[in-house]
Amino acid sequence: MSTPLPILPPEDLLDKFDKDKKDKLSPAAQQAEEEKNRMRRYFENPKEQLSPTVAHEPVCLYLETTNRCNLLCTTCPRTYEQLEPEADMPWALFTSLIDQYPNIARVVLHGIGEPMLVKDLAQRVAYLKARNIYVLFNTNGTLLTKTNGRALIEAGLDELRVSLDAAEPEVFQMVRGKDFFSKIVANVKNFTQMQRELNAPKPRVSLWLTGLRETVDQLPNFVRLAHSIGVTEVYLQRLVFFEDPMSENSLARAESALFEHTTAREESVIREAESIAKELGVMFSASGAVDPGESIRMQRTDNPWSLCRRPWSLMYITANGRVLPCCIAPFSMKGYSSFTLGDATQSSLREIWSGPEYQRFREGLLTSSPPPACANCGLRWSL
């Protein structure tokens, strides 16, 4: 469950990082790194003057194709609470949202749910690719069968992010709630093999691990596992959590988070994983940061939320048509009411984008008293 708008380090730091990495990656991983940086850079202009109103259109839409899921992840609020009535986004709503912004650059087809539960997902990808839109989504990989995988390749999917969270079955079940580890690993391996057989470089495939105290030891073998099943990108993802856990079984809690509290041993594990990745030619990065270690360190600023550009760059629409500022908010604050910005079934996206709720939300980010969901946000959540 990730979002595509990072808070970026300075451009010269990115350039140096890219140069240092260039000769250490496999050709496929190097191409992925270059494409990732192209995609993330055009979103952000940290020096631009921001105001509550915007003249430009969003560059990215998050369309929650479904809020149904077949796992019970202990880091996900959906496991413990129904956030909205279960639904798949109707085709008519899906197409109407895209048709309102036909020049949108990027569409993300995930939210609180598993996108591959939607039977016409490949058709939706094809609809977007016919409009030259960059398309990606996160999946848990349980439904990445040969038939489904081939359909996604033929539809032109650009990027497939697999949230695996572990390098072994026992840890996977602790985090993801069900015993599907071996099935998912086999699915991804078969998918990357099919890509090679079809000479299909896209979608880019990556494995993601949420950074928890309980799972950080998995990182070195997680990188090795990715390499063994043909995946050239690995990401360490920041945990965003509620101040009060939703359940005693929830791992979305302060004591599980690595952010700002890593021990020397945990940092050593991350460095070991980085070393293994370089050795194997795997791109090992973090959600929105230039390196995995940076993703778990605090940005030194009095108002860290002021660096966020999401409300000036994207719109997130749930399966039921509710408009939210980003996909992080449901993970940082309980309930949708305090950060609902509109209803796409009742108003146009342009009306909502330029409307009073969006303006108030943006204005809050420009002050020392941000919206509560933003104060709890992990700024380096995702690419």
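One can find the structure itself at the top, above this paragraph.
Bear in mind the structure is a predicted one, so any value in this text is a computation, not a measurement. (Residues numbered from 1 in each chain as written. Predicted model: local features only at pLDDT ≥ 70, side-chain atom pairs only at ≥ 80, totals over all residues. Heavy atoms only, no water.)

## Brief notes about the overall build of the protein
Part 1: Per the secondary structure count, the protein includes 13 helices and 10 strands.
Part 2: In the protein, buried positions account for 58% of the 383 residues.
Part 3: Taking all contacts inside the protein whose residues are at least 6 apart in sequence as the whole, residues at least 24 apart take part in 76%.
Part 4: With the model as given, the accessible surface of the protein reaches about 15600 Å², and the carbon-plus-sulfur share is 49%. (Helix = DSSP H or I, 4+ residues; strand = E, 2+ residues; numbered from the N terminus. Buried < 20%, exposed > 50% of the residue type's maximum accessible area, 1.4 Å probe, protein only. Contact = heavy atoms within 4.5 Å. Areas by Shrake-Rupley, 256 points an atom, 1.4 Å probe, with all protein chains shown as cover.)

## A closer look at the pattern of salt bridges
Part 1: A full pass over the atoms with the stated rule returns 15 salt bridges.
Part 2: When the shortest N-O distance is used, the salt bridge between Arg-131 and Asp-99 registers 4.0 Å. Placement of Arg-131 in the loop between α4 (121-129) and β3 (134-139) and of Asp-99 in helix α3 (residues 91-100) is noted, with a sequence separation of 32 residues between them.
Part 3: Given the relative accessible area of 30%, Arg-131 is considered partly exposed.
Part 4: Where Arg-150 meets Glu-154, a salt bridge forms, and the shortest distance between an N and an O atom there is 3.2 Å. With Arg-150 and Glu-154 both in helix α5 (residues 146-155), this residue pair falls four residues apart, about one helical turn.
Part 5: Using a relative accessible area of 36% as the deciding quantity, one classes Arg-150 as partly exposed.
Part 6: Taking the relative accessible area as the measure of exposure, Glu-154 reaches 60% and is therefore exposed.
Part 7: Three or more residues are tied together by salt bridges with common partners; here these are Glu-159, Arg-161, Arg-204 and Glu-233. (Salt bridge = Lys/Arg side-chain N within 4 Å of Asp/Glu carboxyl O.)

## Observations regarding the nonpolar core
Part 1: One finds Leu-61, Leu-63, Leu-109, Met-315 and Ile-317 to be the most contacted residues of the largest nonpolar core, which totals 99 residues.
Part 2: If one sorts the elements of this core by residue count, helix α7 (residues 181-198) sits on top with six residues.
Part 3: Aside from chain neighbours lying at most four places away, what touches Met-315 is Pro-58, Cys-60, Leu-61, Tyr-62, Tyr-101, Val-323, Leu-324, Leu-349, Ile-352, Trp-353 and Tyr-358. (Core = buried A, V, L, I, M, F, W, Y, C linked by side-chain atoms within 4.5 Å.)

## Overview of α3
Part 1: Of all the residues in α3, the buried ones are Leu-93, Phe-94, Thr-95, Leu-97 and Ile-98.
Part 2: Of the surrounding secondary structure, the elements contacted by the buried residues of α3 are β1 (60-63), β2 (106-108), α4, β8 (314-317) and α11 (349-353).

## Some words on the environment of Ile-352
Part 1: Its location among the elements puts Ile-352 in helix α11.
Part 2: Residue class for Ile-352 comes out buried when judged on its relative accessible area of 6%.
Part 3: Along the backbone, Ile-352 and Gly-342 are 10 residues apart, and their C-alpha atoms lie at a distance of 5.8 Å.

## A look at the packing of α5 against α7
Part 1: It is the contact of α5 with α7, at a shortest axis distance of 10 Å, that shows an interaxial angle of 50°. It follows from the interaxial angle that α5 and α7 lie oblique. In this structure, the crossing between α5 and α7 has a hand that is right-handed. Contacts between α5 and α7 pair Lys-146, Gly-149, Arg-150 and Ile-153 from the former with Phe-191, Met-194, Gln-195 and Leu-198 from the latter.
Part 2: Looking at the contact of α5 with α7, its residues break down into four nonpolar, two polar and two charged. (Axes fitted to C-alpha atoms, helices over the stretch in contact; angles between N-to-C directions. Parallel < 35°, antiparallel > 145°, perpendicular 65-115°, else oblique. Left-handed = near helix turned anticlockwise from the far one by under 90°. Nonpolar A, V, L, I, M, F, W, Y, C, P; charged D, E, K, R; others polar.)

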